[in-house]
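Here's the letter readout for the chains.
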Amino acid sequence: MAAFRSISTTVELIPDPEQGGLTACVPNIPAYGEGATEDEAIADLKEALRAYIGVFGVRESLSRLRTQW
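All of these numbers come straight from a predicted model, not from anything done at the bench.

Caption draft 1: The arrangement of the sheet that holds strand S1 (residues 12-15) in detail. One open sheet accounts for 3 strands, arranged S1-S2-S3; its pairing is antiparallel. Looking along the sheet, the strands with just one partner apiece sit at the ends: S1 and strand S3 (32-35). Adjacent strand axes in the sheet meet at a mean angle of 25°, parallel and antiparallel pairs treated alike. In this structure, strand S2 (residues 22-25) lies alongside S3, joined through 4 bridges in antiparallel fashion. The residue of S3 that forms the bridge with Leu 22 is Gly 35.

Caption draft 2: Region of the structure containing the pairing of S1. Bridge analysis of S1 against S2 gives 4 bridges, and the strand direction is antiparallel. When the sheet's bridge partners are listed, Glu 12 is paired in S2 with Cys 25. The turn linking S1 back onto S2 is made up of 6 residues, and Gly 20 within it adopts a positive phi angle of 80°.

Caption draft 3: Main features of the packing of aromatic side chains. All chains considered together, the criterion is met by 1 aromatic pair. Between Tyr 52 and Phe 56 the ring centres are 4.6 Å apart and the planes differ by 35°, which places this aromatic pair in the tilted class. Remark: Phe 56 and Tyr 52 occur in helix H1 (residues 38-66); sequence separation between them is 4 residues, near one turn of the helix.

Caption draft 4: Seen up close, the pattern of salt bridges. Under the counting rule described, the total for this entry stands at 1 salt bridge. We note a salt bridge from Arg 64 to Glu 60, for which the minimum N-O separation is 3.1 Å. Of this pair, Arg 64 and Glu 60 are both found in helix H1, 4 residues apart, which corresponds to roughly one turn of the helix. Given a relative accessible area of 31%, Arg 64 falls into the partly exposed group. Residue Glu 60 is classed as partly exposed on the basis of its relative accessible area of 31%.

Caption draft 5: A look at the confidence of the model for the chain. Summarising the model, the chain shows a mean pLDDT of 89, and 88% of its residues fall at 70 or more. Looking at the elements of the chain, mean pLDDT is at its lowest for H1, recorded as 92, and at its highest for S2, recorded as 98.

Cut-offs applied
- In this numbering scheme, every chain counts its residues from 1 along its sequence in written order.
- Only residues with pLDDT of at least 70 are given local features in this predicted model, and only at 80 or more are side-chain atom pairs given and counted; all residues enter the totals for whole chains, interfaces and linings.
- Think of the side-chain values as coming from all heavy atoms in the structure, minus any hydrogens and water.
- Here, strands pair whenever DSSP counts at least two bridges between them.
- Helix and strand assignments come from DSSP, with helices taken as H or I runs of at least 4 residues and strands as E runs of at least 2, each series counted from the N terminus.
- Helix axes are fitted only over the stretch in contact, all axes being lines through C-alpha atoms; the angle between N-to-C directions runs from 0 to 180 degrees.
- Only centres within 6.5 Å qualify two rings of Phe, Tyr or Trp (six-membered ring in Trp) as a pair; their planes then separate them into stacked at under 30 degrees, edge-to-face at over 60, and tilted for everything else.
- We define a salt bridge as a contact between a side-chain nitrogen of Lys or Arg and a carboxyl oxygen of Asp or Glu at a distance within 4 Å.
- With a 1.4 Å probe rolled over the protein chains alone, any residue whose accessible area is under 20% of its type maximum counts as buried; one over 50% counts as exposed, and the rest are partly exposed.
- The score called pLDDT rates the predictor's confidence residue by residue, from a low of 0 to a high of 100.

Dropping the structure here:
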C-alpha cells in the first residue's frame, strides 16, 4: 500500500481589478484557477492541479514544488 504525506505550499491569489474576481496559482506549477471569490478560485485551482498531475504525474509535480522549499 502506498504511503501518503501532506505537503504545505503557498497559494497566490491575484485580484483582477478590471474584470473582478481572482486568479489562484501555486508557484512553479503552470496551473491556474479563476473565480469570483477566493473559494471559487481555489476550487478551480484544485481541478487544474488534478489535471496537471494527471498529465505529468505525481513525481514531476512534487519536484516542481520542492524547488520552492
